[in-house]
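# Structural overview for review
Listed below are the residues making up each chain.
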There are 2 protein chains.
Amino acid sequence: MLTLPNVKFKDIYHILKSNIDSGKYDNSMMLPTEMELVDKFKCSRNTVRRAINELSKDGYVKSVKGKGVIILESRESIELPIGNLLGLQELHTKKKFTTSVVHFSKITIDESLSRITALKLDTEVYHLHRIRFYDNEPIILDVNYFSADVAKDLTIEIAQNSVYEYIEKDLNTKILASKKIIVVEHATELDKRFLDLGTYDCVAVVKTYAYTDSGKLFEYTESRHRPDKFVFVESSSLRKNI
Amino acid sequence: MLTLPNVKFKDIYHILKSNIDSGKYDNSMMLPTEMELVDKFKCSRNTVRRAINELSKDGYVKSVKGKGVIILESRESIELPIGNLLGLQELHTKKKFTTSVVHFSKITIDESLSRITALKLDTEVYHLHRIRFYDNEPIILDVNYFSADVAKDLTIEIAQNSVYEYIEKDLNTKILASKKIIVVEHATELDKRFLDLGTYDCVAVVKTYAYTDSGKLFEYTESRHRPDKFVFVESSSLRKNI
DNA sequence: CGCGATTTGTACGTATGTATT
DNA sequence: TAATACATACGTACAAATCGC
């Protein structure tokens, strides 16, 4: 299941990344110059720049014109406090998660739902409530709206596993991109019933809008997180004004 | 103060963006092919690809090999619910914000602070508490730790305006990149005293680690947000595995 | 099902612009 | 001012995924 990198810029990306992690360039705080890397990896400058660009997206380095590529320090100590908790991305891959479907229905998007979900009026959707457990602790209440057009013949059994896997593997539809909005809301009765909120009366809500293959919005999901288990990380590389 | 785009790929980026917004390509859900855009803009394919790449980072489009560049629909309706609330990025540019400095001191990072801030032991820092008002409403409590090395001779007056502007303009030091972590925490006494929390007993906390010019971590800040005014947006373009 | 035609992805090369030292 | 180093831009070639015939 490992994607073996037969792509040059990815190879270079990984090598540079591990060099940075192991402190190889730490004294100088700079990467070798692009031309030095071209010599070292026997590739074009474009390819080196491509790899550096990826590192920059990850928050590892930052290029400065006329100066060089600067390594951003203290990565480990910043990652550390996150380690124990759970990121968002891993949700669908990690094994220690179990899911319990507590609601399953097929409904039609009316006006008020359309405002909330951004799905088009009269769209048929599967509407689910799912509890996500981590080590048998309820962590997240997922409220899903999947366009029935896309998630054809969805069943509770499938929802218990991965809807995404079903859509991508079985239905052969690709999920392209997603937009996430994070807010904090008062805990609803549903939240209180299913999540172990303890002394908290709020939940962290991640609203996800996902698109398929053809650019159509097909999913709106509210992932309602127990606050003490919620972490969201963004390494923003202070984008230049465009 | 407007950066006039004398850069080709930025021009193309803006043109494509406004075309998408005005629904010019909406029927097909696709951008013109790269080669068509090359003809139209009389530029190289690289330049077109560069512009498309930026659009993709913004969550406007998604390229699919062998197929084309797909436009992601429903942008406005998703942006809409955010509109009223305030994003994070705008903090330093919007005019309606005012700041009140309620604590100002110079301290040295000890072991426990070092764990929290990721700043090196024995670093001298300016420690601030600042209330951010929007329309005279307290929205955010900022708890700052600025390395005194970088933010030399910081004063309360400067802190009342923009520390970043001071560092960049007056001290001529560039702020390169930042890493943000979002969590939800119980409101502290400080939060309750300064923010108008109403019925909420939680705050949304954005922890920011910022780097300078030379790659050194120079700032740790906790921006403690009133939950009802907090929104965080991420348009993640489902990055390919690398 | 296979086979081109189309379209994006990767990679190389070269030249010139611009910020930093 | 000159050298260095990243940024932009042009061009070319081939690989790989998709789609229609």
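The rules behind the values
- One numbering rule holds for all chains: residues counted from 1, following each sequence as written.
- Chain letters and ligand numbers both follow the written order, the letters beginning at A and the numbers at 1.
- pLDDT decides what is reported in this predicted model: residues at 70 or higher carry local features, side-chain atom pairs at 80 or more are listed and counted, and totals for whole chains, interfaces and linings draw on all residues regardless.
- Excluding hydrogens and water, the side-chain figures rest on all heavy atoms present in the structure.
- Every helix listed is a DSSP run of H or I at least four residues long, and every strand listed is a run of E at least two residues long, numbered separately from the N terminus.
- Two residues form a contact once any of their heavy atoms are found within 4.5 Å.
- Every accessible area reported is derived by Shrake-Rupley at a probe size of 1.4 Å, with residue values counting cover from the shown protein chains alone.
- Whether a residue is near a molecule or strand depends on its heavy atoms: it is near if one of them lies within 4 Å of it.
- Whenever a nitrogen or oxygen atom comes within 3.5 Å of another N or O atom, the pair is scored as a polar contact, on the condition that within protein one atom can donate a hydrogen and the other can accept it, and that pairs from neighbouring residues in sequence are kept only if both atoms are in side chains.
- A fitted line through C-alpha atoms represents every axis, and for helices the fit uses only the stretch in contact; the resulting angles, taken between N-to-C directions, go from 0 to 180 degrees.
- Working rule for angles: under 35 degrees goes down as roughly parallel, over 145 as roughly antiparallel, 65 to 115 as roughly perpendicular, anything else as oblique.
- Crossing handedness follows the turn of the near helix against the far one: under a right angle anticlockwise gives a left-handed crossing, and clockwise gives a right-handed one.
- Here the nonpolar group is Ala, Val, Leu, Ile, Met, Phe, Trp, Tyr, Cys and Pro; Asp, Glu, Lys and Arg are the charged ones; every other residue, Gly included, is treated as polar.
- Only centres within 6.5 Å qualify two rings of Phe, Tyr or Trp (six-membered ring in Trp) as a pair; their planes then separate them into stacked at under 30 degrees, edge-to-face at over 60, and tilted for everything else.
- Exposure is judged per residue with a 1.4 Å probe applied to protein chains only, and the accessible area is read against the type maximum: over 50% gives exposed, under 20% gives buried, and values in between give partly exposed.
- Two conditions define a charge sitting above a ring: the NZ of Lys or the CZ of Arg must be within 6 Å of the ring centre, and it must be within 35 degrees of the ring normal.
- What makes a nonpolar core is a set of buried Ala, Val, Leu, Ile, Met, Phe, Trp, Tyr and Cys residues whose side-chain atoms join them at distances within 4.5 Å.
- We define a salt bridge as a contact between a side-chain nitrogen of Lys or Arg and a carboxyl oxygen of Asp or Glu at a distance within 4 Å.
- In a helix, the anticipated span is given by 1.5 Å times the number of residues less one.
- Strand pairing follows a simple DSSP-based rule, namely that at least 2 bridges must link the two strands.

Under an unreviewed UniProt entry, the name given to chain A is UTRA domain-containing protein, and the organism recorded is Candidatus Clostridium helianthi.

What follows deals with the overall build of chain A. Helix and strand content of chain A: 8 helices and 9 strands. If you take every contact in chain A between residues at least 6 apart in sequence, the share linking residues at least 24 apart comes to 56%. Roughly 12,300 Å² of accessible area belongs to chain A as shown, and the carbon and sulfur atoms make up 50% of that amount.

Turning our attention to the protein's contact with DNA strand C. Of all residues adjacent to DNA strand C, which total 24 residues, the nearest are A:Lys8, A:Thr47, A:Arg50, B:Arg45 and B:Arg49. Each atom of DNA strand C within 4 Å of the protein was classed as base or backbone; sugar and phosphate made up 69%. Residue A:Phe9 places a main-chain N or O atom 3.3 Å away from a phosphate oxygen belonging to DNA strand C. Separating a phosphate oxygen of DNA strand C from a backbone N or O atom of B:Glu34 is a distance of 3.0 Å.

Our focus in this paragraph is the packing of helix α1 (residues 8-21) of chain B against helix α2 (residues 34-41) of chain B. Residues and elements named next belong to chain B. Interaxial distance between α1 and α2 falls to 12 Å at its minimum, and their mutual angle equals 110°. Between α1 and α2, the interaxial angle falls into the category roughly perpendicular. In terms of crossing hand, the pair formed by α1 and α2 is right-handed. Facing Lys 8, Ile 12, Ile 15, Leu 16 and Asn 19 of α1, the residues of α2 in contact are Leu 37, Lys 40 and Phe 41. When its residues are assigned to classes, the contact of α1 with α2 shows 5 nonpolar, 1 polar and 2 charged.

A separate point is the packing of aromatic side chains. Evaluated as defined, the whole model comprises 11 aromatic pairs over all chains. Where B:Phe104 meets B:Tyr126, the ring centres are 5.8 Å apart and the plane angle is 45°; that geometry is what we call tilted. One end of the pair, B:Phe104, is in strand β3 (residues 97-108); the other, B:Tyr126, is in strand β4 (residues 124-134), with 22 residues separating them in the sequence. In this structure B:Tyr126 comes out as buried when scored by relative accessible area, which is 6%. Among the aromatic residues, those joined into a ring-pair cluster are A:Tyr145, A:Tyr209 and A:Tyr220. The ring of A:Phe9 has A:Arg50 lying over it, and the distance from NZ or CZ to the ring centre is 4.0 Å.

This part covers the packing of α2(B) against helix α3 (residues 45-57) of chain B. Residues and elements named next belong to chain B. The interhelical angle for the contact between α2 and α3, taken along N-to-C directions, is 110°, at an axis separation of 9 Å. With respect to each other, α2 and α3 are oriented roughly perpendicular. Across the interface between the two elements, Glu 34, Met 35, Leu 37 and Val 38 from α2 touch Arg 45, Val 48, Arg 49 and Ile 52 from α3. Each residue belonging to the contact of α2 with α3 can be placed in one class, and the counts come to 5 nonpolar, no polar and 3 charged.

The subject of this paragraph is the protein's contact with DNA strand D. What surrounds DNA strand D is a group of 24 residues, the closest being A:Arg49, A:Lys174, B:Lys8, B:Thr47 and B:Arg50. Of what DNA strand D places within 4 Å of the protein, 71% of the atoms are sugar or phosphate. B:Gly66 is positioned with one of its backbone polar atoms (N or O) 3.5 Å from a sugar or linking oxygen of DNA strand D. Those elements giving two or more residues to the surface near DNA strand D turn out to be α3 (45-57), β1 (61-64) and β2 (68-71) of chain A together with α1 and α3 of chain B. For the surface near DNA strand D, the element with the most residues is α3(B), which contributes 4 residues. Classifying every residue of the surface near DNA strand D gives 5 nonpolar, 8 polar and 11 charged.

By size, the foremost hydrophobic cluster in this structure holds 25 residues, and its most contacted members are B:Leu119, B:Tyr145, B:Val203, B:Tyr209 and B:Leu217. Broken down by secondary-structure element, the contributors of at least two residues to this core are β4, β5 (137-147), β6 (175-186), β7 (202-212) and β8 (217-225) of chain B. A per-element tally of this core places β7(B) first, with 4 residues. Apart from residues lying up to four places away in sequence, B:Tyr145 is in contact with B:Ile107, B:Leu113, B:Thr117, B:Leu119, B:Val125, B:Tyr126, B:His127, B:Phe218, B:Glu219, B:Tyr220 and B:Thr221. In this structure, A:Leu113, A:Leu119, A:Tyr209 and A:Tyr220 belong to the second largest nonpolar core, which totals 22 residues.

A few words now on the side chain of B:Ser223. Residues and elements named next belong to chain B. When you line up the elements, Ser 223 lands in strand β8. In terms of polar contacts, Ser 223 uses its side chain to reach the side chain of Asp 142, at 2.5 Å. Leave out the neighbours within four places in its chain, and Ser 223 touches Ile 140, Leu 141, Asp 142, Ala 204, Val 205 and Val 206.

Quick look at the environment of A:Leu72 now. Within the secondary structure, A:Leu72 sits in the loop between β2 and α4 (75-83). The spatial distance from the C-alpha of A:Leu72 to the C-alpha of A:Gly59 is 7.3 Å, given a sequence separation of 13 residues.

Attention now moves to the pattern of salt bridges. Residue and element names in this part refer to chain A. Applying the stated criterion across every chain, the model contains 30 salt bridges over all chains. Of the charged contacts, one joins Glu 185 and Lys 207 as a salt bridge, the two residues approaching to 3.5 Å between their closest N and O atoms. Of this pair, Glu 185 sits in strand β6 (residues 175-186) while Lys 207 sits in strand β7 (residues 202-212), placing them 22 residues apart in sequence. Residue Glu 185 is classed as partly exposed on the basis of its relative accessible area of 24%. Judged by its relative accessible area of 18%, Lys 207 is buried. A network of salt bridges, in which partner residues are shared, links Glu 185, Asp 191, Lys 207, Glu 222 and Arg 224.

To continue, consider α1(B). Counted at 1.5 Å a residue, the expected span for α1(B) with its 14 residues is 20 Å, and the 20 Å between its end C-alpha atoms agrees. In this structure, the buried residues of α1(B) make contact with α2, α3, β1 (61-64) and β2 (68-71) of chain B.

Moving on, we get to the pairing of β2(B). Residue and element names in this part refer to chain B. Sheet analysis places β1 next to β2, joined by 4 bridges and oriented antiparallel. Bridged to Lys 62 within β2 is Ile 70. Connecting the antiparallel pair β1 and β2 is a turn made up of 3 residues, with Gly 66 showing a positive phi of about 80°.

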